[in-house]
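# Observations on the three-dimensional arrangement
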Amino acid sequence: MSQQNSDPTIYDGLMFVALGAVIVGIVFLCLTLDKYGWTTAS
Amino acid sequence: MNNVVSKMLIVLQLVFSLLFMCFAGAVYSFQQSWRVKAETTQKSLNEKTQQVSQITADRDRDLGQKDADLKVERDKAEAAAAKLKQQEADLQRLQSELAQTQQQRDKLLADSQVLQAETEARIAESVDLRVETQKLRQTVTEELAEIRGLEDRNLGLSGAVKEAKEREIGHLDEIGRLSNLLRYYKIDPRKSIAVPESEDIAKVDGLVVATRRNQTRSAEHVEITVGSDDQVKVGMLMDVYRADKWLGQIRITDVYPDSAVGQVIENKRNGTFAKGDHVTTKL
C-alpha cells in the first residue's frame, strides 16, 4: 500500500485506449439507432 | 496492477473494446437501413395499391361500359332476331308467291305455246288467203276487163236498140199505112193470113256470146253472134252443140242486125251452155 502514487504504466494507457474504443463503439451504436429514430419494435 | 491476472484482464478489456468499436463501426458503416427499405417498400406498396385501385376503377368502369355495350348488343341481337323472324316470314311468303308465279308462268307458257301454234296456223291461213286474194284480184281484173267489154258491147247494143226503135217506128208507120191500105181493100188486118212458110231455111252458123238466167232463174237466155242480117227471125229454132256433143235447142226471142237472143228450151236441154258453143239452124 506504500506505492499508492506510482507512475502510470502501459496498462493504464491501454485501459484509456479501451475506454476510448468503448466510447467510439457507443457513438457508432447511437448513430445506428438514430437511423431508426430511436424507436423499437412494438 | 502488478499481478499478471490484472494485466491479462486489461489486455482482454482492450481487445474486446477494440472489437466492440470495430463491430459498432462496421454496423454503422455497412449495415442496411431496414427502416429506409421499409419506408421505400411502403411507398412502393402505396403506389402499387393506388395503381391497383386505379386499375380496379378502370376495370369497374370498363365493366360498366361493357355491361352497357352488352345490353345494347343484346337489344340489337333481339331486334336482329325479330327482324330475322320477320324476314323468315317474308321469305316464306315470297316462296309461296314464287310458287304461284311459277305456276302462272307455266300456265302462260302453255298458253303461249297454244297461241304460237294458233299463230302459225293463222299465218298459214293468211298465206292461203293471200294466195286466194291474189287469185281473186286476178279474177276481179278479168271480170273488170269483161265488164268493160260488156259495157262497150252495151254501148253498141244501146246504139242498136236506138236504131231498132227508129226502125220500129218506121215499121209501125208502115204497118199503119198497110193497115189503112188493107182496110181500104176491106181486109181485116187482125185476121191472120196463112202464108206458106218457106221451107228453104238457110244454114246459119254462129257462136254463143253469153248465157244468162232471168231474175227468177226460171229460164236461161243465150246471146248469139248472128242476127237479122243472117236471116235469123223471131221464133226460129236453133241447135247448140259443142264439138260432137249436142247441147240443146233454143228459140229466138229477140233479133238484132248482128246478134240475137234465144231462150233455152228446157225439155230439149242436153247440157250446160257456155260461151264459145256453136249454134246453127241446121245440124
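Preceding this paragraph is the structure being described.
A short tour of the structure in this document, coming up.

The rules behind each value
Residues numbered from 1 in each chain as written. Chains lettered and ligands numbered in written order. Predicted model: local features only at pLDDT ≥ 70, side-chain atom pairs only at ≥ 80, totals over all residues. Helix = DSSP H or I, 4+ residues; strand = E, 2+ residues; numbered from the N terminus. Buried ≥ 20, exposed ≤ 12 C-beta atoms within 10 Å, placed from the backbone. Contact = placed C-beta atoms within 7 Å. Pairing = 2+ DSSP bridges. Axes fitted to C-alpha atoms, helices over the stretch in contact; angles between N-to-C directions.

## Concerning the overall build of chain B
Broken down by element type, chain B carries 2 helices and 6 strands. Listing every helix and strand of chain B by position from the N terminus yields α-α-β-β-β-β-β-β. For chain B, with 283 residues in total, the buried portion stands at 9%. In chain B, of all internal contacts separated by at least 6 residues, the share reaching a separation of at least 24 is 55%.

## Describing unusual backbone geometry
Residue and element names in this part refer to chain B. The phi dihedral of Gln231 is positive, around 65 degrees, even though this residue is not glycine. Even without being glycine, Ala243 reaches a positive phi, approximately 60 degrees. In this structure, Ala243 sits in the loop between strand S3 (237–242) and strand S4 (245–255).

## Some points on the pairing of strand S5 (residues 260–264) of chain B
Residue and element names in this part refer to chain B. Here 4 bridges tie strand S2 (residues 220–224) to S5, and the two strands are oriented antiparallel to one another. Counted as the bridge partner of Glu223 is Val261 from S5. Looking at chain direction, S4 and S5 are connected through 5 bridges and run antiparallel. Bridged to Ile252 within S5 is Gly262. Joining the antiparallel neighbours S4 and S5 is a turn of 4 residues.

## Here's the deal with the sheet that holds S2 of chain B
Strand order in the closed barrel formed by 6 strands is S1-S2-S5-S4-S3-S6 (chain B), with antiparallel pairing between adjacent strands. Sheet twist, expressed as the mean angle between neighbouring strand axes with direction ignored, is 45 degrees.

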